[in-house]
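Topology and contacts: notes
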Amino acid sequence: MAKRTQVVIVGAGPSGLLLGCLLDRAGIDNIIVERQTKDHVLARIRAGILEQTSVDLLTSAGAGARLAAEGIAHHAVNIAFDHKLVSVPLGATTNGKVVTAYGQTEVTLDLYNLRAAGGSQTIYSAGNVEIHDFDRDWPFIRFVNNGKAEEIACDLIAGCDGYHGVCRASIPDNAITTYGQVYPFGWLGLLADTPPVSTEVIYANNDRGFALCSMRSMTRSRYYIQCNPADNIERWSDDAFWDELRRRLPPETAEQLITGPSLEKSIAPLRSFVAEPMHFGRLLLAGDAAHVVPPTGAKGLNLAFSDIYYLHQAIESFFANNDIAALPHYSQQALARVWKTERFSWYLTNLTHRFNADPFEQKMKEAELDYITASPAGRLMMAENYVGLPL
Ligand code: FAS
Ligand code: PHB
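This write-up is about the structure you can find in this document. Bear in mind the structure is a predicted one, so any value in this text is a computation, not a measurement. (Residues numbered from 1 in each chain as written. Chains lettered and ligands numbered in written order. Predicted model: local features only at pLDDT ≥ 70, side-chain atom pairs only at ≥ 80, totals over all residues. Heavy atoms only, no water.)

So, on to the pattern of salt bridges. What the rule picks out here adds up to 21 salt bridges. With a closest N to O distance of 3.8 Å, aspartate 39 and lysine 38 form a salt bridge. The shortest N-O distance in the salt bridge between glutamate 264 and arginine 222 comes to 2.8 Å. With glutamate 264 in strand β18 (residues 262-276) and arginine 222 in strand β17 (residues 220-227), this pair connects stretches of sequence that are 42 residues apart. Given the relative accessible area of 2%, arginine 222 is considered buried. Salt bridges sharing partners connect three or more residues here, namely Arg66, Glu70, Glu106 and Asp110. (Salt bridge = Lys/Arg side-chain N within 4 Å of Asp/Glu carboxyl O. Helix = DSSP H or I, 4+ residues; strand = E, 2+ residues; numbered from the N terminus. Buried < 20%, exposed > 50% of the residue type's maximum accessible area, 1.4 Å probe, protein only.)

Listed below in structure tokens is the structure:
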């Protein structure tokens, strides 16, 4: 006899877990099916900056206690270029809005613990997940659980399975349009138990390439340098990383850099990607399953959470009011914010990275950096996008 639930959520990353926790609070039956092991999901190291809307949503889901205690508010963001470091205030031009430094690893753990403490079922290590009949009113999924074939019937499927997931890939090609580009560079990231060189994020545009200085706490730092996406991580010793990072920072910042052994080092490719629409029949896409941004604007995780803000409302209306129109409306509502956030991430990536040898292009970037850090209008544009556009 096939199991049955109201919503099957594919993927137990931050999108899937947050949606599951919000549906639990709304009394909507749901099961999460995740292909990796719990430990694999909880070990991922990714985003580090949360918009206030993400903090508020996590708090409303019941996953905000540790975030409130350990998250570090950032009241400005720094841009380094032309051997100088300019601080762009965030709250001064956005009615006091800030961003909070708190790692995605911790967010995922908080959501996992909340779900495990009394939420609905989460199935890890699910093999060969397939979604079926989502263009009909009786969708179901099939997967292998502990070597046994299983089926779960449902009313809705939430595709929270990331860029490489099965849900978007299951939509017929003629029903979906994708947009995007792959950048000609990657990010080499390093995590270390060292005091961060700055208490607020630094984005550095240097003639050797982009660098970023961030943190996870006052004793744990996260740094990135622009690299060749085909680079081999084995080629980068810790010392080689630290030396290159120093070269890309303003001298007075580089002098203060405290180095130490890496806890983690990895290279991530950078792309912009959007799939339209984010809904097909009874299947709804959210987070990286529907869109990807280059991490330069610290938007990936935050955009996933704004999807979940709209999606949990649409699902509640679907069940409470038999509101079938809530499904396409979710896609329209989410995409309006997705495209504006894609624009900011694409803009800041092109502005701060070096990949075009054209001297005129570089001069235009330097003039733009000068403008957005000096002009009140430029600083406001930077601030209101960085703290996150209103939902
Ligand atoms: P996720 O990809 O996190 O989660 C999807 C889940 O679905 C995964 O657990 C996966 O195992 C599971 N899944 C996939 N296929 C499945 C299937 N067939 N069946 C069942 N489950 C399946 N964002 C930032 O803001 N700042 C950053 O610095 C940053 N760095 C990043 C670095 C890397 C290497 C990557 C890949 C992303 C980074 N991001 C960053 C973006 C990242 O944070 C995403 O926006 C965020 O993880 C999105 O969360 P989800 O939508 O839940 O997708
Ligand atoms: C991070 O802390 O990992 C981080 C911060 C800002 C970004 C990207 C990543 O834009």
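Structure's up, so let's keep going.
Judged by nonpolar contacts, the single largest core of 70 residues is most densely connected at Leu18, Leu19, Val33, Leu111, Leu311 and Tyr330. If one sorts the elements of this core by residue count, helix α8 (residues 300-321) sits on top with nine residues. If you look at the next biggest cluster of nonpolar residues, it comprises 30 residues, including Ile79, Phe185, Phe210 and Leu351. (Core = buried A, V, L, I, M, F, W, Y, C linked by side-chain atoms within 4.5 Å.)

Summed over all chains, the structure comprises zero disulfides. We note that cysteine 160 lacks a disulfide partner, and the nearest cysteine sulfur, in cysteine 167, lies 8.0 Å from it. Judged by its relative accessible area of 6%, cysteine 160 is buried. The thiol of cysteine 227 is unpaired, and the distance to the nearest cysteine sulfur, on cysteine 213, comes to 16 Å. (Disulfide = S-S within 2.5 Å.)

The next subject is the sheet that holds strand β10 (residues 127-132). The four strands are arranged β1-β12-β11-β10 in an open sheet whose pairing can be described as mixed. Each edge of the open sheet is held by one strand with a lone partner, namely β1 (3-4) and β10. Two strands pair when backbone bridges link them, and β1 and strand β12 (residues 148-153) are joined in this way by two bridges, in the parallel orientation. Looking across to β12, one finds that arginine 4 is bridged to alanine 153. (Pairing = 2+ DSSP bridges.)

The subject of this paragraph is the site of ligand 2. Around ligand 2 lies a shell of 13 residues, among which Tyr203, Ser214, Arg216, Tyr224 and Pro295 are the nearest. Serine 214 has a polar side-chain atom sitting 2.6 Å from an oxygen atom of ligand 2. Contacts to ligand 2 include alanine 298, whose backbone N or O atom sits 3.2 Å from an oxygen atom. Within the complex, the protein chains bury 98% of what would otherwise be the 280 Å² of accessible surface of ligand 2. Elements that contribute at least two residues to the shell around ligand 2 include exactly β16 (209-217) and β17. When residues in the shell around ligand 2 are grouped by element, the largest group, three residues, is from β16. Taken together, the residues of the shell around ligand 2 break down into seven nonpolar, three polar and three charged. (Near = heavy atom within 4 Å. Polar contact = N/O pair within 3.5 Å; in protein donor to acceptor, adjacent residues only side chain to side chain. Areas by Shrake-Rupley, 256 points an atom, 1.4 Å probe, with all protein chains shown as cover. Nonpolar A, V, L, I, M, F, W, Y, C, P; charged D, E, K, R; others polar.)

Our next topic: the pairing of strand β15 (residues 202-206). The buried count for β15 comes to five of five residues, which makes it a mostly enclosed element. Side-chain alternation along β15 places Ile202, Ala204 and Asn206 on one buried face and Tyr203 and Asn205 on a second face that is also buried. Pairing of β15 with β16, which is carried by five bridges, proceeds in the antiparallel orientation. Residue pairing across strands places asparagine 205 opposite phenylalanine 210, the latter belonging to β16. Between β15 and β16, which follow one another and run antiparallel, lie two residues.

This part takes up the environment of valine 41. Take valine 41: it is sitting in helix α2 (residues 38-43). Given a relative accessible area of 3%, valine 41 falls into the buried group. Linking valine 41 and arginine 282, residues 241 residues apart in sequence, is a C-alpha distance of 26 Å.

As a structural note, the neighbourhood of ligand 1 is formed by 29 residues, with Ser15, Glu34, Arg44, Arg46 and Gln104 the closest of them. At a separation of 2.7 Å, an oxygen atom of ligand 1 approaches a polar side-chain atom of serine 15. Aspartate 288 has a polar side-chain atom sitting 3.0 Å from an oxygen atom of ligand 1. Protein contacts shield 86% of the accessible area of ligand 1, which totals 990 Å² for the unbound molecule. Within the residue set of the shell around ligand 1, elements represented by two or more residues are α1 (14-25) and α8. Residue classes in the shell around ligand 1 are distributed as 13 nonpolar, nine polar and seven charged.

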